[in-house]
Structures are given as structure tokens and as C-alpha cells.
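Inside the fold
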Amino acid sequence: MFPPGIRQSSRNCQTSSCDRWDEPIPVSTHPFWWRMLLGLACLAGAPAYASSEDAAFFESKVRPLLIERCYECHSQEKKIKGGLALDTRKGWENGGESGAAVVPGDPDKSLLIRAVRYADSTLEMPPKGKLTAEEIEIFEQWVKRGAPDPRVNEAASSPSKGGIDWEQARKHWAFQAPERGPLPEVQNKAWPKNAVDRYILSAMELRGIQPVGQAQKRDLIRRATFDLTGLPPTPQEIEAFLADSSPDAFARVVDRLLASPHYGERWGRHWLDVARYAEDQAHTFGVRPNTSGYRYRDWVIAALNADMPYDEFVKRQIAGDQLGDSPEQVRQHAAALGFFGLGAVYYKNSDKAKAEADELDDRVDTLSRGFLGLTVSCARCHDHKFDPIPTQDYYSLAGVFRSSKLSDTPLTSAEEVSAYQQAQGRIKELEAGIKQFTNQRKERLAYAEVALVPRYVGAVWKMRRQAGLPKPRPLNEVAKQENLRPSALKKWSDLLHPDNLSKFSALDPWFALSASAAGGLREEGELPTEVVSAGLAIQKNLELALEEQRAKAAAGGKAPTPPLKPQTRDLINAMFGEKGVMGIGDDELLGLLEPKDKVELGEMQSVCEAAKKAAPPMYPIAHAIAEAAPVDMKVFLRGDPKREGDVAPRRFLRVLSGDEPAPFRSGSGRRELAESIASRNNPLTARVIVNRLWHHHFGRGLVGTPSNFGALGEKPTHPELLDYLAVRLMEGGWRLKAIHREMMLSATYQLASEGHVRNEEVDADNRWRWRMNRVRLDVESWRDALLSVSGRLVPELGGPSLNLADAGNVRRTVYAKISRHDLDSLLRLFDFPDANITSDKRTETTVPQQQLFILNSPFILQQAKALVGRLHGDPALADDSARVNQAFLLAYGRPAAADEIRLLVDFLHAPDSEGDVRLNKVSRWERAAHAILGSNEFSHLD
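In short, a report on the structure. Residue positions are given per chain, counted from 1 along the sequence in the order it is written. A pLDDT threshold of at least 70 governs which residues receive local features in this predicted model, and a stricter bar of 80 or more applies before side-chain atom pairs are shown or counted, although totals over entire chains, interfaces and linings include all residues. Each side-chain value is worked out from all heavy atoms of the structure, with water and hydrogens disregarded.

Elements are defined by DSSP. Helices are runs of H or I of four residues or more, strands are runs of E of two residues or more, and each kind is numbered from the N terminus. For the chain, the count of helices and strands is 42 helices and eight strands. Throughout, exposure labels follow a simple rule: accessible area from a 1.4 Å probe, protein chains only, divided by the maximum for the residue type, with under 20% read as buried, over 50% as exposed, and the rest as partly exposed. Evaluated residue by residue, the chain yields a buried proportion of 52% over its 942 residues. We call two residues contacting when some pair of their heavy atoms lies within 4.5 Å. Pairs at least 24 apart in sequence give 68% of the contacts found in the chain among residues at least 6 apart. Surface accessibility in these figures is a Shrake-Rupley result with a 1.4 Å probe; residues are shielded only by whichever protein chains are displayed. Total accessible area on the chain stands at roughly 43,100 Å², and carbon and sulfur atoms take up 53% of it.

Turning next to the environment of Asn541. Along the chain, Asn541 falls in helix H24 (residues 529-555). Accessibility expressed as a relative area gives 25% for Asn541, which makes it partly exposed. C-alpha separation for the pair Asn541 and Pro509, spaced 32 residues apart in sequence, amounts to 9.9 Å. Beyond its immediate chain neighbours, meaning those up to four positions away, Asn541 contacts Ser505, Ala506 and Pro509.

With that settled, consider the packing of aromatic side chains. For any pair of aromatic rings, geometry is given as the distance between the ring centres together with the angle between the planes. Ring pairs shown here join Phe, Tyr and Trp side chains whose ring centres sit within 6.5 Å, with only the six-membered ring taken for Trp; geometry is labelled stacked below 30 degrees between planes, edge-to-face above 60, and tilted in between. Counted by the stated rule, this structure contains 27 aromatic pairs. Judged by centre distance (5.3 Å) and plane angle (90°), the ring pair of Tyr420 and Tyr619 falls under edge-to-face. Linking Tyr420 in helix H18 (residues 414-448) with Tyr619 in the loop between helix H27 (595-614) and strand E4 (621-627), this pair joins segments that are 199 residues apart in sequence. For the pair Tyr420 and Tyr619, a shared accessibility class is recorded, and that class is buried. Taken together, the ring pairs in this structure connect Trp271, Trp299, Tyr310, Phe313, Phe339, Phe340, Phe371, Phe401 and Trp734 into an aromatic cluster. Between Arg223 and the ring centre of Tyr749, over which it is positioned, the NZ or CZ distance is 5.7 Å. Criterion for a charge above a ring: Arg CZ or Lys NZ at most 6 Å from the ring centre, at most 35 degrees from the ring normal.

Our next topic: the side chain of Thr717. Its location among the elements puts Thr717 in the loop between helix H30 (685-698) and helix H31 (719-731). With sequence-adjacent residues up to four places away left out, Thr717 is seen in contact with Leu702, Arg767 and Trp768.

Glancing now at the side chain of Asp942. If you trace the backbone, Asp942 turns up in the segment after strand E8 (940-941). Beyond its immediate stretch of four places on either side in the chain, Asp942 contacts Asp219, Arg223, Ser753 and Arg774.

Our focus in this paragraph is the state of the cysteines. Cysteine sulfur atoms are paired as a disulfide whenever they fall within 2.5 Å. Taken as a whole and assessed by the stated rule, the structure comprises zero disulfides. Cys70 provides the cysteine sulfur closest to Cys73, a residue in no disulfide bond, and the two sulfurs are 8.9 Å apart. Overall, the relative accessible area of 16% leaves Cys73 in the buried class.

Quick look at helix H13 (residues 310-319) now. The α-helix advances 3.6 residues per turn, and as a result positions three or four apart in sequence lie on the same side. Summarising burial for H13: eight of the ten residues are buried, a large majority. Along H13, the residues that are buried comprise Tyr310, Asp311, Phe313, Val314, Arg316, Gln317, Ile318 and Ala319.

Let's shift gears to the pattern of salt bridges. The salt bridge criterion pairs a side-chain nitrogen of Lys or Arg with a carboxyl oxygen of Asp or Glu, the two atoms within 4 Å. Under the criterion given, the structure shown has 57 salt bridges. In this structure, Glu627 and Arg670 form a salt bridge, with 2.9 Å as the shortest nitrogen-oxygen distance. Of this pair, Glu627 sits in strand E4 while Arg670 sits in helix H29 (residues 670-677), and the two are 43 residues apart along the sequence. Of the residues examined, Glu627 reaches a relative accessible area of 23% and is grouped as partly exposed. The exposure class assigned to Arg670 is buried, which follows from its relative accessible area of 0%. With a shortest N-O distance of 3.1 Å, Arg651 and Glu660 are connected by a salt bridge. Three or more residues are tied together by salt bridges with common partners; here these are Glu265, Arg783, Asp784 and Arg812.

If you want it as C-alpha cells, here you go:
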């Protein structure tokens, strides 16, 4: 498939030389393979210590489940059955009488999983009843993650006796107010370009590290363009930058990119990960798709493009309807409330109280991790084991959302909404009138057919007699001959089946027919007297039932008439109901109506259609959150909604607002909550967002756990720099673009990605930023780059989401429909985050299916063909050498080397071998373009 000598993308490669089309580095000398083997060796004996994300999963999901469903029989506090204790990590590591309880990473080999699955009749836990599918899934996910358990040296999980020492708790670095101190002194005074570099270089010099050289200008503009827009630079943009030798040439590039509307698309997608943006729910029962969910996505993109102050960005997503804006401003920003309005909604038929509690937990978790970098959700069932967050504080925040409700909020004026509703009300009135008219006529016609009952009964008898003949007449033919409705004859035939014997006494005359009356196989002849009598008797019984019903209706409930007999009521429903035996369908009605009724019905339908055409279209809405009756929740003991404890007044977290913060008094409390989070007095909010910016620019945050600044999170590598950026953000009016600019104009950002032996010995992970990390494009940038290079990308902004799998979808990936229930296969394959939970960073997997997709996907081949068409359609490209060079400029941002041109041109002019049917369907140029787009150099950034 690929030209000889051109390596396919390995996606494992971490060294710059592997991105060129030279000879591959032998595995034995490849530094990545050495590191990977060493890592596997370390993992083989690794204990189940937890990363911050895994610890949060354990605390918020696993520990509450253990407490609720397992501790009664397997904890030191109560009892230990079977020798197995589950209230400490040591307990499950040691196992019980049946052996090891958990095999980290392998659910199928873990006795705990087999027990909760009820896979073995001799080992079913808990014995009082099987866990729900969702609870079993939590345990399975925990084991798949390697059974992370942060309960290091923790005894039985009884609550602490002394409570929280708030003074000591607030000494944690993240709860201290950020301060901008004097810039550190550095020895190499010529290297720093701005304050960021002073902090970075000071830390390097302290460890004997020196920064590598500056990146080549081609690499730098490619890096910056992908960072800020998620798209590759054009050859024209690259050439303009190369030709600009002024000191502020790169600053002009950064300013141009920050002003691009594509900036909001790129950085909006980063925020949508945090907001766990999706347009449906994970379950399939009773789900209404959030068809207007895209409005939240478009609001985020527009807000970032406008450089909305971050404090306002925060407040609008929490309480945009409570900020005292004008009605027009409220409508303009109502979609911001999709931050909660598009959150998880759980299936409530099995356990409504628990489902509602889970929904509140989703809101608390997304709010606290997204804006504050705190895992407040870990306090749902017990005081947080590591951070100063008591359970009462969790329910104080949960109460804010219990006092709110999901809402489809109009994005237009009240007058327009009223006009739409009035028009729809008029249409409903007209439709109700039509339905009443047709129902009356159907009922009248059905009652009139009671007189035809003997003929229907006789026709059924004739069909039964003919059933044994070689060529019985079809039902439609019998109906036509007897002048009966075929649909009604079919229903009569079904009703008079022996299975309905004794169902209705009104039909007894039919089932009492003698064998002689039903016997014989004569094709023609008069109906036997018994059959005629049976038909007349059934007709009489139906008429009596209708008379009883009319008498009841005429009495109007005033006369002391007895209620309808149950069998009479059931008989009338079976005969004359909407789908009854005598019932008349909409398709039959028009042919049975009298001429004057036809005219009247036609006039009514015309008026209704005119009203529909004149009605204004449905006004736009946003899936948002709105005020409900304010209520303070009670603490759910151990997270169980059925066991309530003390009241938790709605208020902010105590660790951030004093030992006894004032309760929220304004409605639900969302406005006060938003103001508390977006306050300059909050030490977390500014730090969290500047750390997210740093993470996406440099591949790793100053705090390596962007959504966890608590005790289990990583400490900042450069705490003074983090504080400097946080203070700069707040002093600069919370404008994010200024922080982008300062980061990118630093010498640190402009470093090359080359290696350095001495530095690697000291800092192999590059925690001290002595070089730029090589990164792989995320799936959105990679797909968008494919479309851009091929010339097919449509750069239109905003609008309804599209299915990514549609062959004609050539819009940016940020506009793809995101499903929690059925995520697009391309996104799933290339590490798109789980939209059920807030996500602070992407995992990066390397699996064979990714390479197989690149090799075999029709999508990739489609872009390769489009690229070939673009190259051959350019009159400025005179020959294949020029086209190869232009392909490199488009795909890699660099010209092709002489040997690369020679290799590809030789390949293009070589004859195809006979018999290779598949390759002969793809031209040599298309194969070459496929190789160019499938290479590591295309998918990685230096």
C-alpha cells in the first residue's frame, strides 16, 4: 500500500529522527522501547497505589459501595466473615479463606468480581441480594484500573474522632491566596524573554539543567497554529513568517491566531471536555435527545473568541439567569447554563431517589473539579478522607442543585414565545375539532353497521366452510361479494375463532352452532337457519348492550342507574373502540361519509392547514437550568437517600470561606455560589484555569492533576510561576488571551523538542521544561488537519451538530454530534474522553486498531484522493516533483528533501504489478498521498 522505503506510522515513536523517511531505528537501540520495557518491568510488581484520578474514582464510587454493601460482613468495625476484610487495602490484598479477593487488572480472575456477578452458586455476595448492574460495573472498572486504593496505612474506615482542624487544613498550598513575589534571579540573563522564563530558568539552574536551543521557525509556527486553532498553517502563512525577520515576528503570528475565530473552536473543545459535553444520555430508556445542545457548545466558542473575562465565563455557566442582566442579555447568554443543563439524567424506574442523588452528584462533581480543582464528590458518603471537605459541605452544594431544575429556556422575546404558543394552541383546537368530528362520524357509522352483523357472521361461516377446498376464495373477494368492509370481516373472523369461546356471552349463539350447521363442503347455497339465527341473536345482544350504554349516558349520573356490567363494557370496547371489530379506520372514513360530511370535514382540514402555515416556527431554546423551590437538604447517611441526618444549609465550602460561612439566601443559591467561585478571594479558581492553559500548551500542567489540587493531587512543579500567572490573570481583568500570549511568547514555549543527554539524566520526564515535548495530535486536530490539507474542510462556524460518520461531513470535528450512549467509533478509537464525567486531560493509547484505521479507512483514502485532486488541479505545479514538494508543504509545513522527492517520483513512475486488484483500483499518486497523510510526521508536533 505504501511506497518502498516510506515507513508507516508507528504512533509509538518519541524521537525526532523517526518522523523522517530514513531507515527505522533498530528496536534494540530505540530509547522508547527501552523505556517501555523498563516501565513494564516496574508495573509487573507494582502495588495498587492510586493516581489522583483513580483515587477520586475509588473515593467517589468504590468506597461508598463497599461501605453500603460489604462492610456489614467484611469490616473490622462490624465483623469479618470468611477471613476477608474490605475496609482496608491490606484486607483485600491478603484475601480471605477462599484466596486472593482481587487480581488487579483482571476482573474475570478476581473472586470479588465472580462473587458479585453471582457467577458461582457457592460464592454469591452480598448474600441478601445481587448488586445492580451499575454497581457491578463500578467494581469491574475498579479492578480493570488495577484496583487503585489510596487507603495507605489506613485502619478501619471509622470516622475521625477529632473532626477537621480548619486552621491546619488551610495551610495546604492550594488554599493559600496566590501572591506575586519578586522575579527570581537567574545566571543566564540573556535567555529569558519574559517573566515566565525567569521562573522556569531559575528552577532549571537550581538542578544543573540548561534549556536546549530554540525551535526552527517552521516547527514553531506549526506548533503555535495547532495550539491555538487546531489546524495546520498554510504554506503562505509559513512563508510570511519565514520572511519576517523582525523581533516581534512571532508575536504577530500569536496575535493573528488569537484573533482567529478558529481559536474559540480549538479552546472551546478543551473546555467541553471539562464540561462533559454531550447531546444525549448514557441509558436508552425514555431518552429525549438534547437537539439544541449545540447552542451551549456554540456559546462557549463565541465567549472564548470574544475573550470574555473568565470570572464572567464562570458565573454565566453557573447562574447566568440570576445576574441581574436585561432580558436581552439573559437570552443572549442563556445557553451558557448548558454546563448543567446538558448533564447526566439517570433512569428512574428502578430507584428514583438514588437516580436523583446521582444526578446531583454529577453536578457537584463537575462544578467542583471543573472550576475549583477539588474532588468534593468524594464526600458524598463520608467526610473526605484526604481533603478538608466534610460530608455536610457536599450536601450544602447538592442542595443548591436540588433547588434548581432542568429547563428548556427560550432564546427569544416573551412576545415571540407567546405568539408561537397562541398559534400552537389554535392549531390544537382545530385538530381537536377535526378529531371530535371524525370520531363522532366513525362511531355513528360503526353503530349503523350493527344491522350488518348477520351478514358478517354469515360471511365468516362461508369462509370457514371453504377453508378445506382446493381454492378457497380470498377474504377480500368474499367481502366484495357480500358488500362488507374487508377490515371488519377480518376482525370478525378473528373474533369468532374458537380461542374466544366464553370470552363474551353475546357471542354464545355462534359457538353453540351444531356440527351439522358447520358441516359440509358445498361452495354455494343458502345459509343454514341456525347460522342466520346465530347472526340475528348476536345482533340483538349488541343492540341491547348499546341501549344499556345510551341509558347510562342519558341519565348523566343523576338517575339511579346501575353501572355497566363489566362484560357489557368490555364487549362495547371490543366492538366499537378505536381498534374494535366494527371500528372504522381513517383510510376508510372518507369513502363512507355522506357528501355533506365530506364537505364539512374538508373545510375544517383546510382551516387547520392554513393555521399551520401561518404559525411562526418554533423559537430557539437552550437546555439550561432554572430556579425551583429552594430547599436545604439533609445529609444522606453513607450516601443512602433513605437514611437522612442533619440539615446541610446551602452555602460555600468551609475551607474556602470561613468556619461558618453564611447560608445562601438568594433563591437556589446559584448566584451566590457563582460569585464565591469567581471571587478574587478564592485561591483556587484562577490557579485552576491558568494551569489548564499551561497543560494544553506544554502537554503537562504546572500541577500535573489539572482537576485535583487537593492532597492527592500533584504539587506544582513551579508554585511561584503558577501564582504569578493566577495573579496576572486576575489583575488583567481575567482575560485568557493575555495569558496565552505570555506563555507562548516565552523562550520556554519556543524551545526545540530535541534531546539532551545530561538533562535527561537529571529530568527524563522534562518536568522542569528544558525542552518542548513532542505531542501527538488529538483526534479533532488530526481529522481537521486531514480535511484541511486535502482542501475539503468547510470552515463554517456554529450550527446544529452533524454525525461524524456521514461521508459528506467536512466540517470541523468540534461540530460532531457527541453521544454518551453510542460515541462515534472514530472518536472512541482515538482517545476521546468519556462524556459521562468531567475530563481534565486525554489519555493517549497506542493500539493496532488505530494503525489499521489509517491503512484501511475509506475516510483516509477519501482525503488522499482529494489531496491528489488538489495537487493536480493547481496550474502552478508543473510536474510531479513540484507536486510532491507542495504535498510536503501542505502536510508537514516543510519542503521535501531531494532524496524524498526522488524516492516518491520513482515510485509514481514505476509500473504496477499485475494481479494486484486492490492496488490497481488506487492510483500510485493516491497511494503516495495516503502514505504522506498516514505518517508520524503528519500526526505529531515538535
